[in-house]
Amino acid sequence: MVLIGVVIVIVGMVFRINALLVVAVAGYATGLAAGISIVDITAIIGKAFATNRYMSLFILVLPVIGLLERNGLRERAEQFIAGIGTATAGRIMWLYMLIRQITVGLGITIGGHPAFVRPLIAPMAEAAAEKQTHGLSEKIREQVKACAAMADNLANFFGQNLFIAAGGLLLIKGVLEEKGYPIDLFTMVIYAVPTAVAALIIAFARYQLLDRKLNAIGKEGNRHDA
Amino acid sequence: MMLEHVYWICGLFLCVFAVFSLVDTANRKRFGNAAFWLMFAFTFAFGSYLPYAVTGILVVVMTIIGGFGFIGMGNYHERAKAQKVVMSLKYGNRIFMPALIVPIVTILLNKAFSMDALVAFAISAIVALLAAMLMCRETPVDAGQEGRRLLDAIGWAAILSQLLAALGSLFDKAKVGEIIAGFVSAIVPTENTFLCVAAYCCGMMIFTAVMGNAYAAFAVITAGIGAPLVIAHHGGNPAIVGVIGMLSGYCGTLLTPMAANFNIVPAALLELQDKNAVIKAQAPMAAMMIIVNIGLMYFLAF
C-alpha cells in the first residue's frame, strides 16, 4: 500500500504533470498509507526541506554568473568556439563537448541546445561535413546534426557532477545522510571524474568513426567523378 | 562562519530577488514570483528556528504557486546583444576569471584551511561576485537583477531537489525502500556483490528513462536497492555508490523521450525529420556508459 507514492511519481512523470505537484501528492499519499497524520506529514516535509537547504546553495553563484553574462561571457564563449580552426565535423563536436564539460564542471551553463548547438555547433559541423563528403545526403546531414545535439547532452550529464555545488551531488548527500551515511562532497567530485573521462574517450572514438564515414563518402564521390 | 550564516546570506539574496520581482511590472505574474521567492527566503533564513510544520505549510504553498504556474518571467534590464558583443571584445578571456575563482577558492579554503566544503563554496561565490563587480564596474543592483533573471529561468524547479529529499524522508518513514529491496532480492541473488551493483545501476537507468528525471529515480532506487543492498549489505562506500548511481541514471536520460528538453526539443530545434534521431544517436553511448559505470562502481566502491 505504501508503494502508492512510487506509482504516483511514475504516473505523474509519465503524464508530464508538474513535478512539484507530483512529488508533494506522492509524499502525502505515502504518509497517509503508512498511517501518519497529515500534520505529522507536513512536519516531516518541513523538517527535510529545512535540513536539506544546502541543496539550493547554487543560488549564491547566480548573481556572479549573471553579471558575467551581462558583460559578454556567452559572446566570448561563442567567439572562442567559432575560432576552433579544425576541419572535421567530428573534431568540432568533440571539442565543443570538451569545452562544455569543463565549463559545466565549473558550474557555468554556457552551452545548451538553443544557445549554442542550434546557432553555432550544428552549422559548423554541417559545413565541415559538407567539405568532407563533397555534398551531404539528407540522411547523413541528419546524423551529423543529431550527433551535435548529443555532444551537448553527454558533456552536460557526465560533466555536471564535477561541480561541487551541483544539484545532483547535493541531492545524493541529502538522500544518503538521511539514511545515516555521512557524505563528503569532494569525494563525490573525485569519483565523478572517471565517468566524465570515459565519456570523453568513448565520444572521441564515436566522433572519429563519424569522421571516417564522412571521409569515406567523400572519397567514393571523387571516384565516381573521375 | 558556519553553514547557518550561509543560509542567512542565501535567504538575503532570495529576499532581494523577491523585492525586485514585486516591482517588476513587466511580469504579469509578479506577485506569484515575489511570494514564491519570499517564502523560499523565509525557509532559508529561519528554517532552523521555525517549527517544522510551519516550514511544511510554506513548502505546500510554494508547491501550489509553482505547480499551478503562478510564476513567470519579467524584465531584467539586460544589455542588448550588440552591447554584450562590445563588452566581450573589451574583456576578452578575462571574463572567465571570476568564474574560475569559485572552484579555485573553494578547494583552497577546504583543503588549506579545512573549512566545510559548502561554507568554502559560499565564500568563494561572494569573492567571485565582488571580483566581477569590480572588474566590470557593475552595481549590486545589476547583480541582483542578473541573479534574479537566472533564478526565474530555473523557476519552480529551484525547490525540486529539496522537495524530493522530503519525499525520500517520507519513503523512509513508510519503509518503502525495504519493500522494493524485498522485490529485488526475489529476482537478484543478493549475496552477489556484482549483481547488486548491476541491479542498482540498471535500476537507476531504467527508472530514469521511465520518469524522465534522474533525481526522482535516485530517491526511489537508492532507497530500494542502493542503500539496503549495495551500501548496507555489501559495504559499498556511500559517496562513491551515490555519485556513480546518479551518473548511471543519466544514461537513462540519454535514452528517453520523457527528457524532452534534452532529446526532443533539440531534434525540433535542429529541424530533424525523425524526432527520435537524437536518442538513436545517443543509444550506443548510453549502453557503453552504463557498462563503464557498473564496472567503476564495482571496482572503486568496495
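Residues numbered from 1 in each chain as written. Chains lettered and ligands numbered in written order. Predicted model: local features only at pLDDT ≥ 70, side-chain atom pairs only at ≥ 80, totals over all residues.

**Quick notes on the overall build of chain B**
Selection criterion: Under the DSSP-based scheme used, a helix requires at least four consecutive residues in state H or I and a strand at least two consecutive residues in state E, with every element numbered from the N terminus. Neighbour density around each residue's C-beta defines its exposure: 20 or more other C-beta atoms within 10 Å make it buried, 12 or fewer make it exposed, and counts between make it partly exposed, where C-beta atoms are placed from the backbone. What counts as a contact here is a pair of residues whose C-beta atoms, placed from the backbone, lie within 7 Å.
On a plain count of helices and strands, chain B comes out with 14 helices and zero strands. Mapped in sequence order, the helices and strands of chain B form the string α-α-α-α-α-α-α-α-α-α-α-α-α-α. Counting every position in chain B, which comprises 302 residues, the buried fraction comes to 55%. Across chain B, every contact between residues at least 6 apart in sequence was considered, and the portion connecting residues at least 24 apart equals 69%.

**A word on the overall build of chain A**
Filter applied, for reference: Put simply, the radius of gyration uses C-alpha atoms, and a globule should come to 2.2 Å times the residue count raised to 0.38.
The number of helices and strands found in chain A is ten helices and zero strands. In chain A, the succession of α and β elements from N to C terminus is α-α-α-α-α-α-α-α-α-α. Whereas a compact globule of 226 residues would reach a radius of gyration of roughly 17 Å, chain A reaches 23 Å, over 25% beyond that. For chain A, the spread of C-alpha atoms along the principal axes amounts to about 80 × 40 × 30 Å. Across the 226 residues of chain A, 59% fall into the buried class. Taking all contacts inside chain A whose residues are at least 6 apart in sequence as the whole, residues at least 24 apart take part in 72%.

**Observations concerning the nonpolar core**
As a reminder, the rule being used: A set of buried Ala, Val, Leu, Ile, Met, Phe, Trp, Tyr and Cys residues, joined to one another through C-beta atoms within 7 Å, is what we call a nonpolar core.
Ranked by internal contacts, the top residues of the largest apolar core, which has 194 residues, are L57(A), M93(A), L163(B), F218(B) and V243(B). If we skip the residues at most four places from it in the chain, L57(A) touches A165(A), V6(B), C10(B), L118(B), F121(B) and A122(B).

**Re the packing of helix α9 (residues 167-178) of chain A against helix α12 (residues 238-253) of chain B**
Note the threshold: Structural elements are reduced to axes, namely lines fitted to C-alpha atoms, with helices fitted over the stretch in contact, and the angle between N-to-C directions of any two is expressed from 0 to 180 degrees. The labels follow the angle: roughly parallel below 35 degrees, roughly antiparallel above 145, roughly perpendicular from 65 to 115, and oblique for the rest. Left-handed describes a crossing in which the near helix is turned anticlockwise from the far one by less than a right angle; the clockwise case is right-handed. Under this grouping Gly is polar, as are all residues other than the nonpolar Ala, Val, Leu, Ile, Met, Phe, Trp, Tyr, Cys and Pro and the charged Asp, Glu, Lys and Arg.
Contact geometry of α9(A) with α12(B) gives a least axis separation of 10 Å together with a crossing angle of 130°. As summarised for this structure, α9(A) and α12(B) are arranged oblique, according to the angle between their axes. Handedness of the crossing formed by α9(A) with α12(B): right-handed. Contacts between α9(A) and α12(B) involve G168(A), L169(A), I172(A) and L176(A) from the first element and P238(B), G242(B), V243(B) and M246(B) from the second. Its residues placed into classes, the contact of α9(A) with α12(B) shows six nonpolar, two polar and no charged.

**Concerning helix α10 (residues 193-211) of chain B**
Inclusion rule: To estimate how far a helix should reach, multiply one less than its number of residues by 1.5 Å.
The end-to-end C-alpha distance of α10(B), which contains 19 residues, comes to 27 Å, matching closely the 27 Å that a straight helix rising 1.5 Å per residue would cover. Positive phi shows up at G212(B), right after α10(B), with a value of about 75°.

**Observations regarding unusual backbone geometry**
Residues and elements named next belong to chain A. Positive phi, close to 55°, is recorded for R16, a residue that is not glycine. The exposure class of R16 is exposed, given the 11 C-beta atoms found within 10 Å. A positive phi is found at H134, a non-glycine position, where the angle reads about 55°. Of the residues examined, H134 has 14 C-beta atoms within 10 Å and is grouped as partly exposed.

**A short note on the confidence of the model for chain A**
The test is simple: pLDDT expresses, on a scale from 0 to 100, how confident the predictor is about each individual residue.
When pLDDT is averaged along chain A, the result is 89; 97% of the residues meet or exceed 70. Per-element mean pLDDT across chain A ranges from 80 in helix α5 (residues 73-82) of chain A up to 96 in helix α8 (residues 138-159) of chain A.

**Thoughts on the interface of chain A and chain B**
Of the residues lining the interface, 105 residues belong to chain A; the matching set on chain B comes to 122 residues. Here the element with the most residues in the side of chain A that touches chain B is helix α10 (residues 185-225) of chain A; it accounts for 13 residues. Along the lines of polarity and charge, the residues of the side of chain A that touches chain B split into 69 nonpolar, 23 polar and 13 charged.

**Section: the environment of G252(B)**
Residues and elements named next belong to chain B. For G252, the location among the structural elements is in helix α12. In sequence terms G252 and Y298 are 46 residues apart; their C-alpha atoms lie 19 Å from each other. Beyond its immediate stretch of four places on either side in the chain, G252 contacts M204, M205, I206, T208, A209 and A214.

**Digging into helix α1 (residues 4-14) of chain A**
Note the following rule: Arc definition: directions from the helix axis to the C-beta atoms.
Considered for burial, the residues of α1(A) that qualify are G5(A), V6(A), I8(A), V9(A) and M13(A). Buried residues of α1(A), seen end-on, are gathered within an arc of 160° and therefore sit on one face of the element. On the buried face of α1(A), the contacting elements are α2 (19-33) of chain A together with α8 (160-173), α9 (176-187), α10 and α11 (214-233) of chain B. Just past α1(A), the residue R16(A) takes up positive phi, approximately 55°.

**A word on the packing of helix α4 (residues 62-70) of chain A against helix α7 (residues 140-154) of chain B**
Axis separation between α4(A) and α7(B) bottoms out at 7 Å; the angle between their running directions is 100°. Regarding the angle of α4(A) to α7(B), the classification is roughly perpendicular. Of α7(B), the residues touching α4(A) (which contributes L62(A), P63(A), I65(A), G66(A), L67(A), E69(A) and R70(A)) are D142(B), A143(B), G144(B), E146(B), G147(B), R149(B), L150(B) and L151(B). Partitioned by chemical class, the residues of the contact of α4(A) with α7(B) number seven nonpolar, three polar and five charged.

**A short note on the environment of A214(B)**
Residue and element names in this part refer to chain B. Note that A214 resides in helix α11. Overall, the presence of 26 C-beta atoms within 10 Å leaves A214 in the buried class. In this structure the C-alpha to C-alpha distance between A214 and V54, which are 160 residues apart in sequence, comes to 29 Å. When near neighbours in sequence (up to four residues on either side) are disregarded, A214 contacts T208, M246, G249, Y250, G252 and T253.

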